[in-house]
Amino acid sequence: MRALDSDRLTARIARLSHGDAASPTDLLRRSMAAVARTVPIDRWCGLTLDPATVLPTGGYHDEGLPAALVPRLLEIEYAEGDVSSFTALARSRPGAMTLDAATGGDLERSPRYREVLQPAGLPHELRVALRAGAGCWGALVLMRADDAPPFAPGEVEAVARVGAVLGAGVRRSLVLGAAAAGAERAPAVMVLRLDGAAHVESAAPPLGDWRADIEDGDDDGGGGCPIPAVG
């Protein structure tokens, strides 16, 4: 990748980060549309993270992994552990890493590769932390299919630069959204029905607003709970 292309991409993301995005998810989607014109991808997902715990708080996953593989991905990510986890990525110096680099070229070492990415036909993965200040406010996961080349070092570097700029944009969007929300809302209770998936039986009024704040790209209208925006 030419340095000029990387510079132009970073400048474009900077403009978007200071623009009129309606929400962090809107900003992630606009930014990835720009990234994909410079760094080709087949699938992607983006998520917002709590900077204190690095746990997902929302995001966009409609163009990510098949839904059937997401539960196993979450188990690996948050219960079992794997290389280049979001927690490790948030604390890493480069802030962006391919799974190939994280495994030293031995992808079979990674359960995420064996049980999620390879079955999905998306063996090439690049993760980038969206950091600002001392915190990590989100992450992007870029994926390529079997018939595509691995991510080149220049592409990884370009996406890492995007992460540094976009992290500030996500933080800004979250802060502005919180300011617009007004006064704190009262505690409330939600009752769930578990039958293979979580469905809302009933919820006190404030929780309807809180659920709407958790953006996960799920527009099925079926009354289900938002799922963490990973993959």
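Here the structure is a predicted model, which means the values were calculated and not measured. (Residues numbered from 1 in each chain as written. Predicted model: local features only at pLDDT ≥ 70, side-chain atom pairs only at ≥ 80, totals over all residues. Heavy atoms only, no water.)

Peer 1: Tell me about the environment of R109, and name the residues and values.
Peer 2: Tracing the backbone shows R109 in the loop between α5 (99–102) and α6 (111–117). Placed 27 residues apart in sequence, R109 and D82 show a C-alpha to C-alpha distance of 8.9 Å. Not counting chain neighbours up to four residues away, the residues in contact with R109 comprise V83, A102, T103, G104 and R114. (Helix = DSSP H or I, 4+ residues; strand = E, 2+ residues; numbered from the N terminus. Contact = heavy atoms within 4.5 Å.)

Peer 1: Lay out the pattern of salt bridges with the relevant residues and their values.
Peer 2: Under the criterion given, the structure shown has eleven salt bridges. Across the pair D7 and R161 runs a salt bridge whose closest N-O atoms are separated by 2.8 Å. Of this pair, D7 sits in helix α1 (residues 3–17) while R161 sits in helix α7 (residues 153–181); the two residues are 154 residues apart in sequence, bridging distant segments of the chain. R112 serves as the salt-bridge partner of D82, at 3.3 Å between the closest nitrogen and oxygen. Highlighted residues: D82 in the loop between α3 (70–80) and α4 (86–91) and R112 in helix α6, separated in sequence by 30 residues. Owing to a relative accessible area of 19%, D82 belongs among the buried residues under this scheme. With relative accessibility at 1%, the residue R112 sits in the buried group. (Salt bridge = Lys/Arg side-chain N within 4 Å of Asp/Glu carboxyl O. Buried < 20%, exposed > 50% of the residue type's maximum accessible area, 1.4 Å probe, protein only.)

Peer 1: Before we move on, can you summarise the packing of α1 against helix α2 (residues 24–38) with the specific residues and values?
Peer 2: Here α1 crosses α2 at 165°, and the two axes come no closer than 10 Å. One finds that α1 runs roughly antiparallel with respect to α2. Like other packed secondary-structure pairs, α1 and α2 cross with a definite hand, here right-handed. Across the interface between the two elements, D5, L9, R12, I13, L16 and S17 of α1 pack against L27, R30, S31, A34, V35, R37 and T38 of α2. When its residues are assigned to classes, the contact of α1 with α2 shows six nonpolar, three polar and four charged. (Axes fitted to C-alpha atoms, helices over the stretch in contact; angles between N-to-C directions. Parallel < 35°, antiparallel > 145°, perpendicular 65-115°, else oblique. Left-handed = near helix turned anticlockwise from the far one by under 90°. Nonpolar A, V, L, I, M, F, W, Y, C, P; charged D, E, K, R; others polar.)

Peer 1: Give me the packing of aromatic side chains: which residues, what numbers.
Peer 2: Evaluation of the coordinates by the stated rule reveals one aromatic pair. Their ring planes at 35° and their centres at 5.3 Å tell us that W44 and Y60 sit as a pair that is tilted. Note that W44 is positioned in strand β1 (residues 43–49) and Y60 in strand β2 (residues 56–60), a separation of 16 residues in sequence. Residue placement shows R127 over the ring face of F86; its charged tip is 4.0 Å from the ring centre. (Phe/Tyr/Trp six-rings, centres within 6.5 Å; stacked < 30°, edge-to-face > 60°. Lys NZ or Arg CZ within 6 Å of the ring centre and 35° of its normal.)

Peer 1: Talk me through the environment of R37; I want residue IDs and the actual numbers.
Peer 2: Positionally, R37 belongs in helix α2. Under the relative-accessibility criterion, R37 is labelled exposed at 63%. At 3.5 Å, the side chain of R37 forms a polar contact with the backbone oxygen of A33. (Polar contact = N/O pair within 3.5 Å; in protein donor to acceptor, adjacent residues only side chain to side chain.)

Peer 1: Could you give an account of the pairing of strand β5 (residues 135–144), naming the residues involved and the relevant values?
Peer 2: The buried count for β5 comes to ten of ten residues, which makes it a mostly enclosed element. Here β1 pairs with β5 via six bridges, running antiparallel. Bridge pairing links T48 to G138 in β5. With nine bridges connecting them, strand β4 (residues 124–132) and β5 associate as antiparallel partners. Note on β5: the bridge partner recorded for A132 is G135. If you look at the hairpin formed by β4 and β5, you'll find two residues sitting between the two strands, and G133 has a positive phi there, around 60°. (Pairing = 2+ DSSP bridges.)

Peer 1: Describe the environment of A160, listing the residues and the values that go with them.
Peer 2: With respect to the helices, strands and loops of the structure, A160 is situated in helix α7. For A160, a relative accessible area of 22% translates into the label partly exposed. Taking the C-alpha atoms as reference points, A160 and P94, 66 residues apart in sequence, are found 7.0 Å from one another. Ignoring anything within four residues of it in the chain, the contact list for A160 reads P94, A96 and V128.

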